[in-house]
Amino acid sequence: GLQLGAVDFIAKPINPVIVRARVQTHLTLKLQSDLLRSMALFDGLTGVPNRRKFDEQLVRDWRQSQREQTALSVILIDVDHFKSFNDIYGHQAGDEALIRVADCLSKSFKRGSDFVARYGGEEFVILSNGMTKDQATLYVQTLCQLVRDLRIPHSASSTGYLTISIGFSVHTFDQLPSPNVLLTHADKALYVAKARGKDQFFSL
């Protein structure tokens, strides 16, 4: 049994004290294992899923899109002028700003299947299954405004407050060969949005 993968065994006749102790030990190990997995898949600062979890979710949502024949949206979000924000206000203030932005994005969801993750540094990403291009456009407009409404002061920004730029891509299940192509399109769109002056969005 051990060679086949069992982690323990209990021989008869059963001793209740030993059984309880062994069961408790394995429950503790399971809780610790779950905690380690959670720590590996969630961002320690903002509490939202991290890049590793996003990579898993992207494949899962892509397969769902293929199976249900629905559109899939990838929305890449970058906090504008974040380096200068850290330089002016300090890294602790930068961390607090990222936490507030992550919380704002998480609370913006319109459907239970939406997913937000910290993509890296000051970048976040949202996955949404089933939105049309028009719906996604209205949604990212709302995201930009929600972050503006946080009113986080930023003297290096033209608005005087912290803002975000967004690149997004929406495609139906039959338009792209892989989820990575969809992500690449969103990344290119984000580059355009930032090149055009930031505090705006663009789609490909």
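Shown above is the structure to which this text applies.
Residues numbered from 1 in each chain as written. Predicted model: local features only at pLDDT ≥ 70, side-chain atom pairs only at ≥ 80, totals over all residues. Heavy atoms only, no water.

S.K.: Hey, could you go over the packing of helix 3 (residues 82–89) against helix 4 (residues 91–106) for me, with residue numbers and the actual values?
M.R.: Relative to each other, helix 3 and helix 4 sit at 130°, their axes nearing to 7 Å. Regarding the angle of helix 3 to helix 4, the classification is oblique. Of helix 4, the residues touching helix 3 (which contributes Phe-82, Phe-85, Asn-86 and Tyr-89) are His-91, Ala-93, Gly-94, Ala-97 and Leu-98. Residue composition of the contact of helix 3 with helix 4, grouped by class: six nonpolar, three polar and no charged. (Axes fitted to C-alpha atoms, helices over the stretch in contact; angles between N-to-C directions. Helix = DSSP H or I, 4+ residues; strand = E, 2+ residues; numbered from the N terminus. Parallel < 35°, antiparallel > 145°, perpendicular 65-115°, else oblique. Contact = heavy atoms within 4.5 Å. Nonpolar A, V, L, I, M, F, W, Y, C, P; charged D, E, K, R; others polar.)

S.K.: How would you sum up the pairing of strand 1 (residues 72–79)? Please name residues and give values.
M.R.: With respect to burial, strand 1 is a largely interior element, eight of its eight residues being buried. Burial along strand 1 is two-sided: the residues Leu-72, Val-74, Leu-76 and Asp-78 and Ser-73, Ile-75, Ile-77 and Val-79 are all buried. As judged from the seven bridges shared by strand 1 and strand 3 (residues 123–129), these two strands associate in the antiparallel manner. Bridge pairing in strand 3 places Asp-78 opposite Glu-123. Here strand 1 runs beside strand 4 (residues 164–171); their pairing, made up of eight bridges, is antiparallel. Paired with Val-74 across the bridge in strand 4 is Ser-169. (Buried < 20%, exposed > 50% of the residue type's maximum accessible area, 1.4 Å probe, protein only. Pairing = 2+ DSSP bridges.)

S.K.: Please provide a residue-by-residue account of the sheet that holds strand 3, values included.
M.R.: Strand pairing in a sheet relies on backbone hydrogen bonds, with the paired strands running either antiparallel or parallel. The strand order 2-3-1-4-5 describes an open sheet built from five strands, whose pairing is mixed. Only two strands of the sheet have a single partner each, and these edge strands are strand 2 (115–120) and strand 5 (201–203). Averaged over all pairs of adjacent strands, the angle between their axes in this sheet comes to 20°, without regard to strand direction. The strands touched by helix 4 are strand 1, strand 2 and strand 3; relative to strand 3, the strand with the most contacts, the crossing angle is about 5°.

S.K.: Mind laying out the packing of helix 2 (residues 51–68) against helix 6 (residues 179–195), listing which residues take part and the relevant values?
M.R.: For the pair helix 2 and helix 6, interaxial distance at closest approach is 10 Å and the crossing angle is 115°. Judged by the twist between their axes, the crossing of helix 2 over helix 6 is right-handed. Along the contact surface, helix 2 presents Phe-54, Leu-58 and Trp-62, while helix 6 presents Pro-179, Asn-180 and Leu-183. A per-class count over the contact of helix 2 with helix 6 returns five nonpolar, one polar and no charged. (Left-handed = near helix turned anticlockwise from the far one by under 90°.)

S.K.: Go over the packing of aromatic side chains with me, naming the residues and quoting the values.
M.R.: Two aromatic rings are characterised by how far apart their centres lie and by the angle between their planes. Counted by the stated rule, this structure contains four aromatic pairs. Here the aromatic rings of Phe-54 and Tyr-119 are separated by 5.7 Å at their centres, their planes lie at 85°, and the arrangement is edge-to-face. Note that Phe-54 is positioned in helix 2 and Tyr-119 in strand 2, a separation of 65 residues in sequence. Considered together, Phe-54 and Tyr-119 belong to a single accessibility category, that of buried residues. Relative to Phe-201, the ring of Phe-168 has its centre 6.3 Å away and its plane inclined at 50°; by these criteria the two rings are tilted. Residue Phe-168 is found in strand 4, and its partner Phe-201 is found in strand 5; the two are separated by 33 residues along the sequence. Residue placement shows Arg-151 over the ring face of Tyr-161; its charged tip is 4.0 Å from the ring centre. (Phe/Tyr/Trp six-rings, centres within 6.5 Å; stacked < 30°, edge-to-face > 60°. Lys NZ or Arg CZ within 6 Å of the ring centre and 35° of its normal.)

S.K.: Tell me about the nonpolar core, and name the residues and values.
M.R.: Ranked by size, the top nonpolar core spans 30 residues in total, and within it Ile-75, Ile-77, Phe-124, Leu-143, Ile-164 and Ile-166 carry the most contacts. Every element with two or more residues in this core is listed here: strand 1, helix 3, helix 4, strand 3, helix 5 (133–148) and strand 4. Not counting residues up to four positions away in its chain, the partners in contact with Ile-77 are Leu-105, Glu-122, Glu-123, Phe-124, Ile-126, Leu-143, Ile-164, Ser-165 and Ile-166. Trp-62, Phe-115, Ala-117 and Tyr-119 belong to the second-largest nonpolar core, a separate cluster that totals 16 residues. (Core = buried A, V, L, I, M, F, W, Y, C linked by side-chain atoms within 4.5 Å.)

S.K.: Explain helix 6 to me, using residue names and the numbers behind them.
M.R.: Given a rise of 1.5 Å per residue, 17 residues ought to cover 24 Å, and the 25 Å separating the end C-alpha atoms of helix 6 matches this to within 8%. Those residues of helix 6 not exposed but buried are Pro-179, Leu-182, Leu-183, Ala-186, Ala-189, Leu-190 and Ala-193. Here the buried residues of helix 6 occupy an arc of 120° about the axis, which is enough to place them on one side. For helix 6, the exposed residues set more than 90 degrees away from the buried face come down to Asn-180, Tyr-191 and Ala-195. If you follow the buried residues of helix 6, they end up packed against helix 2, strand 1, strand 2, strand 3, strand 4 and strand 5. Of the residues one or two after helix 6, Gly-197 is the one with positive phi, at around 125°. (Expected span 1.5 Å × (residues − 1). Arc of directions from axis to C-beta.)

That's the geometry; what it means functionally is another story.
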